[in-house]
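Tertiary structure, described
Given next are the chains, with one letter for each unit.
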Amino acid sequence: LDVTGRPAASIANDGEWFYFRSHADQQFHKKKSADASLRRLVSLPVKSSDILTLLAGRIPVQDHHTPHLLRDPLGYVLTLKTRWGNVRERIRLDETCTEIRQIEMFDLFGELVYRAEFGMMRTVKTYRIPFWLALSDDKGAGFQLRVDRYWADVPVSAPKFVLDPSGR
């Protein structure tokens, strides 16, 4: 959504192609990519598969060597580190370790790539789903996603993951 609350863009990925249509100027882009980075669209190097995983209430887990679970004042923090001790991912959980509050993804050198904050968690069927998701980095780039409706376990045909250049 743009600042006025109107749709700003439509994005889709069918596993082979990445589709983007701007609602402001009706520009349409189609790029061959199984797991496109959204860096050029939203200034964050988050992959489309990560967004789908986050919206499903799951966590994209980085390759790591060692997990560390520590208590902090707001709950628990699970830190995943490389063999050399660099942080790859930090997962903040509530005090019962049942809900994710935030994740932070790091590159191989331990530099923050992006942070995702979960909000408005609701149960849909048997799934805990974030109806609000904010992604950002330390430089001020970021965006928020708000979910109005969510249907679980609905069969979807492959053409639903393709955007038509005409906007239909």
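If you're wondering where the values come from, they're calculated on a predicted model, not measured in any experiment.

At C97, a residue that is not glycine, the phi angle is positive and equals roughly 60 degrees. Tracing the backbone through its elements, the reader meets C97 in the loop between β6 (87–93) and β7 (100–106). Residue classification places C97 among the partly exposed residues on the basis of a relative accessible area of 35%.

This part is about the packing of aromatic side chains. Given two aromatic rings, their pairing is described by the distance between the two centres and the angle made by the two planes. All told, the structure shown has one aromatic pair when counted by the stated rule. Pairing F131 with Y150 gives two aromatic rings, centres 6.4 Å apart and planes at 50 degrees, and the pair type is tilted. Remark: Y150 occurs in the segment after β10 (142–146) and F131 occurs in strand β9 (residues 127–136); sequence separation between them is 19 residues. Residue Y150 is classed as partly exposed on the basis of its relative accessible area of 29%.

Attention now goes to the pairing of β6. With respect to burial, β6 is a largely interior element, five of its seven residues being buried. As judged from the five bridges shared by β6 and β7, these two strands associate in the antiparallel manner. Each bridged residue has a counterpart across the sheet, and for R92 the counterpart in β7 is Q102. Linkage of β6 to β7, two consecutive antiparallel strands, is achieved through a turn of six residues, within which C97 is found at a positive phi near 60 degrees.

Along the chain, D137 falls in the loop between β9 and β10. Of the side chains with opposite charge, K139 comes closest to the buried, unpaired D137, at an N-O distance of 5.0 Å. One polar contact links the side chain of D137 to the main-chain amide nitrogen of K139, over a distance of 2.9 Å. Polar side-chain contacts of D137 include one of 3.1 Å to the backbone nitrogen of G140. Excluding anything up to four places from it in sequence, D137 contacts S43, L44, L112, V113 and R115.

Once that is clear, we can look at the confidence of the model for the protein. Here the protein averages 84 in pLDDT, while 90% of its residues score no lower than 70. Mean pLDDT values over the elements of the protein span from 68, in helix α1 (residues 39–42), up to 96, in strand β5 (residues 75–81).

The next point concerns the environment of Y19. Mapped onto the fold, Y19 is located in strand β2 (residues 17–22). Relative accessible area serves as the criterion here: at 4%, Y19 is assigned to the buried category. Sequence separation between Y19 and V87 is 68 residues, and the spatial gap between their C-alpha atoms is 32 Å.

One open sheet accounts for three strands, arranged β1-β2-β3; its pairing is antiparallel. This sheet does not close on itself; its edge strands, each paired only once, are β1 (9–13) and β3 (28–32). Going from strand to strand, the sheet's axes swing by 10 degrees on average, the running direction of each strand aside.

This paragraph deals with a nonpolar patch on the surface. Nonpolar side chains collect at one region of the surface, where W151, V154 and V156 lie side by side and expose about 340 Å² of accessible area between them. Looking at the secondary structure, you find V154 in the segment after β10. Judged by its relative accessible area of 46%, V154 falls in the partly exposed class.

Read from one edge of the open sheet, seven strands run β4-β5-β6-β7-β8-β9-β10, paired in antiparallel fashion. Each edge of the open sheet is held by one strand with a lone partner, namely β4 (66–72) and β10. In this sheet, neighbouring strand axes are inclined to one another by 20 degrees on average, regardless of whether the strands run parallel or antiparallel. For strand β8 (residues 112–124) and β9, the ladder comprises nine bridges, and the chain directions are antiparallel. By the bridge assignment for β9, A116 is matched with L135. Helix α2 (residues 48–55) rests against β7, β8, β9 and β10 of the sheet, and its axis sits at about 135 degrees to β9.

Criteria and thresholds
- Residues numbered from 1 in each chain as written.
- Predicted model: local features only at pLDDT ≥ 70, side-chain atom pairs only at ≥ 80, totals over all residues.
- Heavy atoms only, no water.
- Helix = DSSP H or I, 4+ residues; strand = E, 2+ residues; numbered from the N terminus.
- Buried < 20%, exposed > 50% of the residue type's maximum accessible area, 1.4 Å probe, protein only.
- Phe/Tyr/Trp six-rings, centres within 6.5 Å; stacked < 30°, edge-to-face > 60°.
- Pairing = 2+ DSSP bridges.
- Lys, Arg positive; Asp, Glu negative; His and termini not counted.
- Salt bridge = Lys/Arg side-chain N within 4 Å of Asp/Glu carboxyl O.
- Polar contact = N/O pair within 3.5 Å; in protein donor to acceptor, adjacent residues only side chain to side chain.
- Contact = heavy atoms within 4.5 Å.
- pLDDT = per-residue confidence, 0-100.
- Axes fitted to C-alpha atoms, helices over the stretch in contact; angles between N-to-C directions.
- Patch = residues over 30% accessible without salt bridge, like charges linked within 9 Å, V, L, I, M, F, W, Y side chains within 5 Å.
- Areas by Shrake-Rupley, 256 points an atom, 1.4 Å probe, with all protein chains shown as cover.

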